[in-house]
Amino acid sequence: MIPAPLGLLAELTHRCPLACPYCSNPLELEGRAAELSAAAWSRVFREAAALGVLQVHLSGGEPASRRDLDEIVSAANDAGLYTNLITSAIGLDAKRLARLRMGGLDHVQLSVQDVTPASADRIAGYSGAHERKLAFARSVTELGLALTINAVIHRANIDSVAALVELAVSLGAGRVEIAHAQYYGWALRNRDALMPTRAQVERAMHEIEDIRARYLHHIVIDMVTPDYYARRPKACMGGWGRRSLNVTPSGRALPCHAAPTIPGLEFWSVHDHTLAEIWLESPAFQAFRGTAWMREPCRSCAMREKDFGGCRCQAMALAGDPAATDPVCELSPLHALVGELAERDATSDVSDYAYRGRKPSRLEEVT
Ligand code: SF4
Ligand code: FES
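Notes on the structure in this doc start here. (Residues numbered from 1 in each chain as written. Chains lettered and ligands numbered in written order. Predicted model: local features only at pLDDT ≥ 70, side-chain atom pairs only at ≥ 80, totals over all residues. Heavy atoms only, no water.)

### What about the site of ligand 1?
Where we set the bar: Residues are labelled near a given molecule or strand when at least one of their non-hydrogen atoms is within 4 Å of it. Throughout this entry, Asp, Glu, Lys and Arg are counted as charged residues, while Ala, Val, Leu, Ile, Met, Phe, Trp, Tyr, Cys and Pro are counted as nonpolar. The remaining residues, Gly among them, count as polar.
In the vicinity of ligand 1, the contacting residues are Arg232, Pro233, Pro297, Cys298, Cys301, Met303, Arg304, Asp307, Gly309, Thr325, Cys329 and Leu331. Here the shell around ligand 1 is built from residues that sort into 7 nonpolar, 2 polar and 3 charged.

### Considerations on the pairing of strand E6 (residues 175–180)
The condition that has to hold: One requirement defines pairing of two strands: DSSP has to find at least two bridges between them. Comment: elements are numbered from the N terminus, with helices defined as DSSP H or I runs of at least four residues and strands as E runs of at least two. Here is how to tell: hold the view so the strands point away, follow the path from the first strand over the helix to the second, and if it runs clockwise the crossover is right-handed.
Pairing of strand E5 (residues 146–153) with E6, which is carried by 6 bridges, proceeds in the parallel orientation. Residue threonine 148 lies in a different strand from E6, and its bridge partner there is arginine 175. Handedness of the crossover joining E5 and E6 through helix H6 (residues 161–170) is recorded here as right-handed. Pairing analysis gives 5 bridges linking E6 to strand E7 (residues 220–224), with the strands arranged parallel. Bridge pairing links glutamate 177 to aspartate 222 in E7.

### Remarks on the packing of helix H4 (residues 117–124) against helix H5 (residues 129–142)
Describing two packed helices takes the angle between their axes plus the distance from one axis to the other. Using the following cut-off: Lines are fitted to the C-alpha atoms to define the axes, a helix being fitted only along its stretch in contact, and any angle between axes, read from their N-to-C directions, falls within 0 to 180 degrees. Any angle that falls under 35 degrees is termed roughly parallel, while one over 145 is termed roughly antiparallel, one within 65 to 115 roughly perpendicular, and all others oblique. Note on definitions: a residue-residue contact is assigned when non-hydrogen atoms from the two residues lie within 4.5 Å.
It is at 7 Å that the axes of H4 and H5 come closest, and there the two elements cross at 105 degrees. Taken as axis vectors, H4 and H5 run roughly perpendicular relative to one another. Here Pro117, Ala120 and Asp121 of H4 come into contact with H5, specifically with Ala129, His130 and Glu131.

### Focus on the side chain of serine 42
Stated precisely, the cut-off is as follows: Buried, partly exposed and exposed residues are distinguished by accessible area as a fraction of the type maximum, computed with a 1.4 Å probe on protein chains only: under 20%, between the cut-offs, and over 50%, respectively. Side-chain atoms alone can form a polar contact between residues adjacent in sequence; in general such a contact is a pair of N or O atoms within 3.5 Å, and within protein one must be able to donate a hydrogen while the other accepts it.
Looking at where serine 42 falls in the secondary structure, it is placed in helix H1 (residues 38–51). Given the relative accessible area of 16%, serine 42 is considered buried. A polar contact of 2.9 Å, which involves the side chain of serine 42, links it to the side chain of arginine 46.

### As for the nonpolar core
Note that soluble globular proteins tend to have their nonpolar side chains buried in a common cluster. Applied cut-off: Among the buried residues, those of types Ala, Val, Leu, Ile, Met, Phe, Trp, Tyr and Cys that are joined through side-chain atoms within 4.5 Å form a nonpolar core.
If you look at the biggest cluster of nonpolar residues, it comprises 93 residues, and the most contacted ones within it are Phe45 and Ile178. Residue contributions to this core peak at 7 residues, all from H1. Core analysis: the second largest hydrophobic core is formed by 19 residues, Tyr184, Ala258, Cys298 and Cys313 among them.

### Notes on the pattern of salt bridges
Formally: By definition, a salt bridge exists where a carboxyl oxygen of Asp or Glu is found within 4 Å of a side-chain nitrogen of Lys or Arg.
As enumerated under the stated definition, the model contains 17 salt bridges in all. Aspartate 227 is the partner of lysine 234 in a salt bridge, and the nearest nitrogen-oxygen pair spans 2.8 Å. In this structure lysine 234 comes out as partly exposed when scored by relative accessible area, which is 24%. Residue classification places aspartate 227 among the buried residues on the basis of a relative accessible area of 8%. Aspartate 345 serves as the salt-bridge partner of arginine 344, at 3.2 Å between the closest nitrogen and oxygen. Connected via shared salt-bridge partners are Arg15, Glu35, Arg66 and Asp68.

Shown next, in the form of structure tokens:
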């Protein structure tokens, strides 16, 4: 039997004022003209709740780029979903946040790029972003909303992991996610400038364990480990088509955000099908659900029901085959290649980022 999904990632828009080099959104973004209306999202939320979804993550791009965000939050709340807004804070002030709170917003997940404004703004490609984020975080807690701080970790900020946790504590967050960059979408283009060294990763892991003990009763620390230095893969998305689904700004339903990098998958749209039809019957969700699609070494591995063979999109990116064992796994014949790629990129002298849609000269204004 196919279990019900618990979470829906609603990508309200691909528009975003920031230009983070680790962005996992695709190279080709969906335009404003194609975005689902608030009424269409309202229907999707009701279908999601009927299917068993408990939480909706309102994401982007930057969801605040949508003028009708209030209406969308209210619709999610009316559908009975727990609503989490994933935001950079740009485009939101205390007044607008208070309106979202009134409409039923439950939780805010705020991205921060680093602990110093100079480094954080350089990474985000947006001057003044860091100070605005700090002010926004204060508004979130003053309004009594639950706050999570999310920090994507890479070469430029990995030596600040402990300070990032301390920043989250000082902002009143109940949770902090220390998430190593995942190299999909735009991030893959910047892998050589983002990859930390193995020594940096090991030091950061120790620091997190120390600080976890110190702040045990203050904050929950979630850690997403860096794939390229791992020996076993993560259960990406908790297993394909098993726990959650994404809907893109134009209404395409995806098993994960990078699924369109896998050639030949057929994605259904919420314009043409209900969410239940998509979840239960659409070809893309069936493609790698469960374990029947697996080959050796996954097929006979004791871990196959735990990590589901790792990440299909990473297998596609690194092995050129979405049904291959994720090369992050040490049982994959390609595992050594992952270590070599990590070492090569970590020691490259590339430090300039490729920022989406911007020429390098635009960057000099930021740095
Ligand atoms: Fe997971 Fe496959 Fe590696 Fe086993 S062989 S640990 S199932 S990725
Ligand atoms: Fe697609 Fe991991 S990102 S399965």
